[in-house]
Amino acid sequence: MNKTSLDKTVLHSYSAPEALLKDRVIMVTGAGGAIGGAASISYAQYGATVVLLGRSEATLEKTYDAIVTAGHPTPMLCPLNLETATPEEYQILAEAVKNEFGRLDGMLHAAAMLGSLTPLEHYDLSLWSRVMQTNLNAPFMLTRSCINLMKSAHNASIIFSAADVGHKGEAYWGAYAVAHAAVENLAEIFADELEANTSIRVNSLNPGPVRSRLRALAYPGENPSTLPTAMDVMPAFLYLMGDDSIGVTGARLNAQAQV
């Protein structure tokens, strides 16, 4: 299977087998947020040991507690600010995961920073740099640091979170849109480079509109009850992380059928 033959309806109706991710080690960035938190809990539910990475230790601990209380494998807690993290810190993180587990079977880049909804001619330059660092540079540096760990795994999977405004630029979305457009290209480059000599597959996945803090910041007048929850879109995140998606790489996908 490849990106041209994937039946995309499977993303939205996928029913994961109970042992889908048993004994896997999966890193999730933004693990204290809506998508990252839901994915972390879902991956743990299906057997994975999850490396919880994010800026706020308090929100990470909520995800940690939810996983442990449910009786799932105990996660690894890794507070790290992606906005300010250095290449050396990413390498230290990779070494810590290597020392603890010896490999990394999967990675979900769910962390994101909105910035401001501002015309480009008025966009604050320091904020632009912060948004690009969090949404684009950090996923690149983290993935680069962990590639060798993932080569040690069997059929590893990397998922980059995408966004509608990364597909087609819209007024006022500024650095957020530019970063997500670049992320999809980054995912395709990684996929192309890793396809020939490794079993690592790389895809980008747009969760679509869901109830989240970032969504509320972008659309303050929107009624969140009209949106699906992050858990509602987890079938796609489970499918791409598990072995049922072996061979699917370099694809730009949507977690919701209507997106």
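Whatever comes next refers back to the structure up there.
Residues numbered from 1 in each chain as written. Predicted model: local features only at pLDDT ≥ 70, side-chain atom pairs only at ≥ 80, totals over all residues. Heavy atoms only, no water.

Participant: Please explain the sheet that holds strand E5 (residues 157-161) as it appears in this structure.
Facilitator: In any sheet, the strands associate via hydrogen bonds between backbone groups, in a parallel or an antiparallel arrangement. Spatially, the seven strands line up as an open sheet ordered E3-E2-E1-E4-E5-E6-E7, and their pairing is parallel. Pairing within the sheet leaves two strands with one partner each, and these edge strands are strand E3 (76-79) and strand E7 (252-254). Between one strand axis and the next, the sheet turns by 20° as a mean value, whatever way the strands run. Each of strand E2 (49-54) and E3 is contacted by helix H3 (residues 57-69), which is oriented at about 170° to E3, the strand it contacts most. Against the sheet, helix H5 (residues 125-151) contacts strand E1 (25-29), E2, strand E4 (106-109) and E5, and its axis sits at roughly 175° relative to E4. (Pairing = 2+ DSSP bridges. Helix = DSSP H or I, 4+ residues; strand = E, 2+ residues; numbered from the N terminus. Axes fitted to C-alpha atoms, helices over the stretch in contact; angles between N-to-C directions. Contact = heavy atoms within 4.5 Å.)

Participant: Honestly, the packing of aromatic side chains in this entry has me stumped. Any pointers?
Facilitator: For the coordinates displayed, the defined rule picks out six aromatic pairs. Taking the centre distance of 6.3 Å and the plane angle of 15° together, the rings of Phe160 and Phe190 count as stacked. Of this pair, Phe160 sits in strand E5 while Phe190 sits in helix H7 (residues 174-195), and the two are 30 residues apart along the sequence. On the basis of relative accessible area, Phe190 is assigned to the buried category, the value being 9%. Grouped by ring-pair contacts, the aromatic residues Phe140, Phe160 and Phe190 constitute a single cluster. Its guanidinium or amino end placed over the ring of Tyr219, Arg215 lies 4.0 Å from that ring's centre, counting from NZ or CZ. (Phe/Tyr/Trp six-rings, centres within 6.5 Å; stacked < 30°, edge-to-face > 60°. Buried < 20%, exposed > 50% of the residue type's maximum accessible area, 1.4 Å probe, protein only. Lys NZ or Arg CZ within 6 Å of the ring centre and 35° of its normal.)

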